[in-house]
Amino acid sequence: MRPLIAANWKMHGDMNWNDKPDAFNRLLPAEQRRSIDVLICPPFPYILSLTQAAKANGIVTGAQDCHFEEQGAYTGSVSAQMVKNCGAEFVIVGHSERRAVGESDKIVRLKAEAALKAGLTPIVCVGEPLFVREDGNEKAHVEAQLKESLPQAFGGCVIAYEPIWAIGTGRTASSGDIADMHAHIRGLVGAGVRILYGGSVKPENAGEILGTVNVNGALIGGAGLEMESLAQIARAAL
Ligand code: PGA
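Here we summarise the structure given alongside this text. Once a new chain begins, its residue numbering starts again from 1 and follows that chain's sequence as written. Side-chain atom pairs in this predicted model are given and counted only at pLDDT of 80 or more, local residue features only at pLDDT of at least 70, and totals for whole chains, interfaces and linings cover all residues. Excluded from the side-chain calculations are hydrogens and water; all other atoms, namely the structure's heavy atoms, are used.

**Points about the pattern of salt bridges**
Move 1: When a carboxyl oxygen of Asp or Glu lies within 4 Å of a side-chain nitrogen of Lys or Arg, that pair is called a salt bridge. For the structure shown, the criterion picks out 16 salt bridges.
Move 2: In this structure, Arg 2 engages Asp 37 in a salt bridge whose closest nitrogen and oxygen atoms are separated by 2.8 Å. Here Asp 37 lies in strand S2 (residues 37-41) and Arg 2 lies in the segment before strand S1 (4-8), a separation of 35 residues in the sequence.
Move 3: Arg 133 is paired through a salt bridge with Glu 138; the nearest N and O atoms lie 3.6 Å apart. Across this residue pair, the class does not change: Arg 133 and Glu 138 are buried. To qualify as a helix, a DSSP run of H or I must reach at least 4 residues; to qualify as a strand, a run of E must reach at least 2; elements of each kind are numbered from the N terminus. Each residue is assigned to one of three classes by its accessible area relative to the maximum for its type, calculated with a 1.4 Å probe on protein chains only: buried under 20%, partly exposed between the two thresholds, exposed over 50%.

See the structure below:
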């Protein structure tokens, strides 16, 4: 399956970051990465201009969230259709940083459904907190999240497994733990769905993580802000 290397910029960046796709392309030209997809998800205000810069460099763009309604009185929100209109192709839904501020599995599912309807590929995030893993309940936790947050027709979705205790902490799951969870998810969703790993992916561990069975790419936070490290991670997927 074609690997997806996805950078989630979170609330970082400014208009000057429009030069990042070009910088990435100089480090790893598009012709050298024909076998992988590279995605950057900037904050909403930068999607439109970044998409233009990214397209010229063979990179696709996405949003970090969307509303589940097409339009309406939802102050501060952005619909999947609006994201699509800006030229983006993906949207992350259910990231743990959004679930932490009250987003339920049901809301995540509605967002994923809205994304599919708008012609976007949703990246549906799941992952357990530390206490759940310490209790040995991580598979049941992730399975319940998937059951509730994936649309019924989930063939057009990407899944990102991101153990919460590994996000932004420098702590990664061991390749055995990743293989175990990804095999479990694969068993639930079947062969055609890309399953990304996320949580402190960096150049030093990208080779091992991306070489793990059933890992079809990575969702990268901190290390995706620097094009040098993003390119090194992408190289590990070639
Ligand atoms: P991190 O973030 O790579 O900084 O751990 C991953 C994510 O939040 O998707």
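**Regarding the sheet that holds strand S4 (residues 90-93)**
Move 1: Taken together, 8 strands build a closed barrel; the order of strands is S1-S2-S3-S4-S5-S6-S7-S8 and the barrel is parallel. For this sheet, the mean inter-axis angle between neighbouring strands, taken without regard to orientation, is 25°.
Move 2: Two strands form a pair only when DSSP identifies at least two bridges running between them. Across 3 bridges, the pairing between strand S6 (residues 158-161) and strand S7 (residues 195-198) is parallel. Within the sheet, the bridge partner assigned to Ile 159 lies in S7 and is Ile 195.
Move 3: Residue contacts are defined here by distance: any two heavy atoms, one from each residue, within 4.5 Å place the two residues in contact. Note on geometry: axes are C-alpha line fits, over the in-contact stretch for helices, and angles between N-to-C directions span 0 to 180 degrees. Contacting S4 and strand S5 (121-126), helix H5 (residues 105-118) runs over the sheet at an angle of about 160° to S5.

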